[in-house]
Amino acid sequence: MTGTLVIIGATSKIASEVGRVAARKKRKLVLVGRNKDRLDAVAGDLSARGAQQVSVIVGAVEVVGQHADLWQKIEEAAGEISEVLIAYGSLSNQALSETDTGYMLHEVEVNFNSPASLMNYAAAYFENRAKKAGGARQSGVLAVITSVAGDRARRSNFTYGAAKGALALFAQGMRARLSSSGIRVLTIKPGPVATPMTAAMPGADRMASPQMVAETIYRAMTSGRAEVIYVPGYWRLIMRVIREIPESIGKKLKF
Amino acid sequence: MDEITPEKLAQNAPLLAFGLGRSYGDSCLNDGGALMDMRQLDRVLSFDAKNGTIVCEAGVSLGEILLMTVPQGWFLPVTPGTKVVTLGGAIANDVHGKNHHLEGTIGCHIGQLELVRSTGELVRCSLEEHPELFAATIGGMGLTGIIRRASLRLKKISSAQILMETVPFNTFEDFVRLSSDEEGKSWEYTVGWIDCLSGRQTRGLFLRGNHAADGALNPHSEKSGLRVPFNLPGMTLNPLTIRAFNTIYYAAGRRKSGKTVSHYDPFFYPLDKVGNWNRIYGKNGMTQYQCVVPESEAVAFQGILERIAQTGQGSFLGVIKKFGHIKSPGMMSFPRPGLTLALDFPFRDGVTLKLFEELDRVVLAAGGALYPAKDPRMSPAMFRASYPRLDEFRRWIDPALSSSFWRRVSRDAK
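Residues numbered from 1 in each chain as written. Chains lettered and ligands numbered in written order. Predicted model: local features only at pLDDT ≥ 70, side-chain atom pairs only at ≥ 80, totals over all residues. Heavy atoms only, no water.

Draft legend 1. Just the pairing of strand β7 (residues 228–231) of chain A, in detail. Residue and element names in this part refer to chain A. With four bridges joining them, strand β6 (residues 183–190) and β7 adopt parallel strand pairing. Within β7, the residue paired with K189 across the bridge is Y230. Read as a crossover between parallel neighbours, the route from β6 over helix α7 (residues 210–222) to β7 is left-handed. (Pairing = 2+ DSSP bridges. Helix = DSSP H or I, 4+ residues; strand = E, 2+ residues; numbered from the N terminus. Right-handed = clockwise from strand over helix to strand, strands pointing away.)

Draft legend 2. Here's a closer look at the pairing of strand β14 (residues 286–293) of chain B. Residue and element names in this part refer to chain B. Of all eight residues in β14, eight are buried; the element is thus mostly enclosed. In the sheet, β14 pairs with strand β16 (residues 338–346) via eight bridges, with the strands oriented antiparallel. Directly across from Q290, in β16, lies its bridge partner A342. Looking at chain direction, β14 and strand β17 (residues 369–370) are connected through two bridges and run antiparallel. By the bridge assignment, V292 is partnered in β17 with A369. (Buried < 20%, exposed > 50% of the residue type's maximum accessible area, 1.4 Å probe, protein only.)

Draft legend 3. Structural view of the packing of helix α3 (residues 67–78) of chain A against helix α5 (residues 101–133) of chain A. Residue and element names in this part refer to chain A. Direction vectors running N to C along α3 and α5 enclose 45°, while the axes themselves pass 10 Å from each other. Classified by the angle their axes make, α3 and α5 are oblique. For the crossing formed where α3 meets α5, the hand is right-handed. For the pair α3 and α5, the contacting residues are H67, A68, L70, W71 and E75 in the first and S114, S117, L118, Y121, A122 and Y125 in the second. Within the contact of α3 with α5, the residues separate by chemical class into seven nonpolar, three polar and one charged. (Axes fitted to C-alpha atoms, helices over the stretch in contact; angles between N-to-C directions. Parallel < 35°, antiparallel > 145°, perpendicular 65-115°, else oblique. Left-handed = near helix turned anticlockwise from the far one by under 90°. Contact = heavy atoms within 4.5 Å. Nonpolar A, V, L, I, M, F, W, Y, C, P; charged D, E, K, R; others polar.)

Draft legend 4. A look at the nonpolar core. Residue and element names in this part refer to chain B. Core analysis: the largest hydrophobic core is formed by 104 residues, its most contacted members being F383 and F393. Broken down by element, this core gets its largest block of residues, five residues, from helix α10 (residues 298–311). What F393 contacts, discounting residues up to four positions off in sequence, is A136, G140, M141, L143, T144, M331, M332 and W406. (Core = buried A, V, L, I, M, F, W, Y, C linked by side-chain atoms within 4.5 Å.)

Draft legend 5. Spatial organisation of the environment of N12 of chain B. Residues and elements named next belong to chain B. By the secondary structure assignment, N12 is in the loop between α1 (6–11) and β1 (15–18). Using a relative accessible area of 35% as the deciding quantity, one classes N12 as partly exposed. On a C-alpha basis, the gap between N12 and Q290 in space is 32 Å, while along the polypeptide they are 278 residues apart.

Draft legend 6. Spotlight on the sheet that holds strand β11 (residues 189–194) of chain B. Residue and element names in this part refer to chain B. Spatially, the eight strands line up as an open sheet ordered β13-β10-β12-β11-β15-β16-β14-β17, and their pairing is antiparallel. Whereas interior strands pair on both sides, the edge strands pair on one side only; in this sheet they are β13 (258–263) and β17. By the bridge criterion, six bridges tie strand β10 (residues 161–169) to β13 in an arrangement that is antiparallel. Within β13, the position partnered with L163 by the bridge is V261. Of the strands in this sheet, β14, β16 and β17 touch helix α11 (residues 349–365), which is tilted by about 10° from β14.

Draft legend 7. Inspection of the packing of aromatic side chains at higher detail. Per the stated rule, a full pass over the model turns up 22 aromatic pairs over all chains. Judged by centre distance (6.1 Å) and plane angle (85°), the ring pair of F112 of chain A and F170 of chain A falls under edge-to-face. Here the residue F112 of chain A occupies a position in helix α5, and F170 of chain A occupies one in helix α6 (residues 158–179), the gap between them amounting to 58 residues. The class for F112 of chain A is partly exposed, based on a relative accessible area of 21%. On the basis of an interplanar angle of 35° and a centroid distance of 5.6 Å, the ring pair of F75 of chain B and F268 of chain B is categorised as tilted. (Phe/Tyr/Trp six-rings, centres within 6.5 Å; stacked < 30°, edge-to-face > 60°.)

Below you can see the structure in the form of structure tokens.
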């Protein structure tokens with residue numbers, strides 16, 4: 001039987017589109033986010049679009065100190081969890097993070113510490129469940145959205161890139177930790193997607209559509225055995241090339 | 001886009017809400033001004049599957065509504081020939097469909113609208129609350145405020161299938177008979193396709209259908225079929241190829257004539273399956289001429305058909321339909337009792353424009369009108385003459401909103 005899909009950072013554009021795909025499949029959903037009004041609006045939308053049940057949990061996801069409490073609420077609302085999707089992030093202002101160290105550290109907190117902390121709680125949940133099942137076959141997915149920006153630090157956005165890159169590494173370690181419990185860890189690396197987060201970037205009209213990205217994410221979460229996906233897929237190739245640029249040249253690039 | 005505020009409207013003036021951009025003319029453009037991307041406002045607020053009412057933000061598309069409602073046994077009360085339009089755009093153009101003779105326009109099925117106006121706060125309007133603003137907004141081309149959300153009363157269906165019949169006709173009189181009130185009563189959806197090159201003969205195919213009484217409630221597939229990958233050479237469509245296409249289409253229709261069962265998707269939205277279909281017209285593109293004339297002026301209507309046939313300019317998909325008498329609340333609505341013709345033309349600059357001017361004179365003399373959603377070129381005088389409530393409408397326009405269409409047709413006003 002399929003259990004609940006938990007989406008943390010559920011009001012982000014990509015996350016709410018993943019929610020719509022799940023709603024069409026009549027899934028049970030738990031939505032977690034900071035802003036009650038926006039969460040309620042997303043929840044109403046997903047109910048109308050066919051979700052079997054939608055619960056809303058309001059909490060400051062970026063405040064690590066509140067995670068124990070937050071995770072407990074998630075477990076209570078969700079019942080049996082099938083998948084957890086950690087979907088929030090903040091596209092950092094690189095220039096500001098270079099002059100304002102407090103801001104830079106806050107961005108790292110939001111983009112790395114906080115999601116890593118929540119992954120730890122989710123991992124403990126999945127491990128406990130595996131232990132209780134006493135060797136019975138387990139399934140579950142812990143998915144996290146990082147970014148192609150985490151594949152190589154770039155002059156124009158390395159505060160964001162470094163935190164997302166660290167998160168991808170953390171997810172890789174998590175994969176090793178959870179594989180014996182039968183849990184799949186999915187690292188999602190979207191390229192630029194046309195969302196409110198990227199609306200101010202040049203070329204916003206040529207970016208991937210959030211609907212297409214969400215379809216891909218939901219499919220990767222619920223079927224197959226993928227562990228690291230790039231969306232759209234061609235970013236895997238682009239980033240391979242970019243990673244191969246030697247440091248002597250890379251440090252001179254402005255992009 | 002979190003919140004549309006009156007301040008945001010005022011700051012960005014002249015501003016225009018932009019949905020999916022399916023209007024053929026410049027009513028969805030705002031040259032020199034700003035467009036607000038309404039697709040960001042795409043949340044459903046509620047869908048009551050018991051009484052068939054859906055409340056959504058204006059940027060939700062009609063296709064998305066169908067995906068949600070068809071499995072629960074509800075259909076759009078009125079639908080245009082594409083589902084790739086937003087609800088807000090459908091209201092702003094007060095769109096009509098093949099069931100106009102029984103259901104009127106989409107504006108007849110809107111419960112409540114929420115408008116954000118630069119001059120004040122949020123205004124809720126309906127037939128009861130702020131009825132004048134409601135009437136101005138339906139068919140109001142997006143000029144009376146930003147439509148934020150709306151409620152729509154849906155139609156109960158028991159199947160996603162349409163029982164349809166194709167009836168070939170060879171004379172204009174046959175078309176009129178097939179469209180008569182008597183015949184129309186038993187067919188919810190009726191429309192005529194005519195071979196616009198056939199002249200006095202007016203041969204064509206009459207399509208009519210009803211929702212099937214029972215069957216599966218499967219919505220359309222979201223996958224698109226064919227795509228036209230690039231602009232075809234401009235000369236792909238010329239009088240010769242058009243004539244050939246029309247002859248083949250007519251012959252195929254004749255062969256297939258009789259009763260068949262079709263899913264609603266190909267029945268209502270055949271072109272939605274061909275991505276970027278407009279590219280077959282080449283770089284110069286296409287334009288459409290859609291007019292309505294009173295039924296008593298059938299002679300004028302035939303005159304229009306003959307004139308088009310003589311020039312050999314028209315292209316496939318000449319669509320004719322008899323509008324019914326159901327009045328929309330909208331003060332600027334295009335549909336009115338009479339016969340409507342919608343015809344695509346490959347755009348050939350002066351040749352096309354000259355023909356349209358000629359047609360305008362006939363439409364005007366017959367007391368007809370053109371459809372703003374399809375129009376890139378009508379004159380201010382033509383617009384004024386065919387929309388008698390224009391001055392009343394003007395009073396409800398939000399000063400922060402405008403469009404290329406609006407500036408064009410109000411050029412020499414006052």
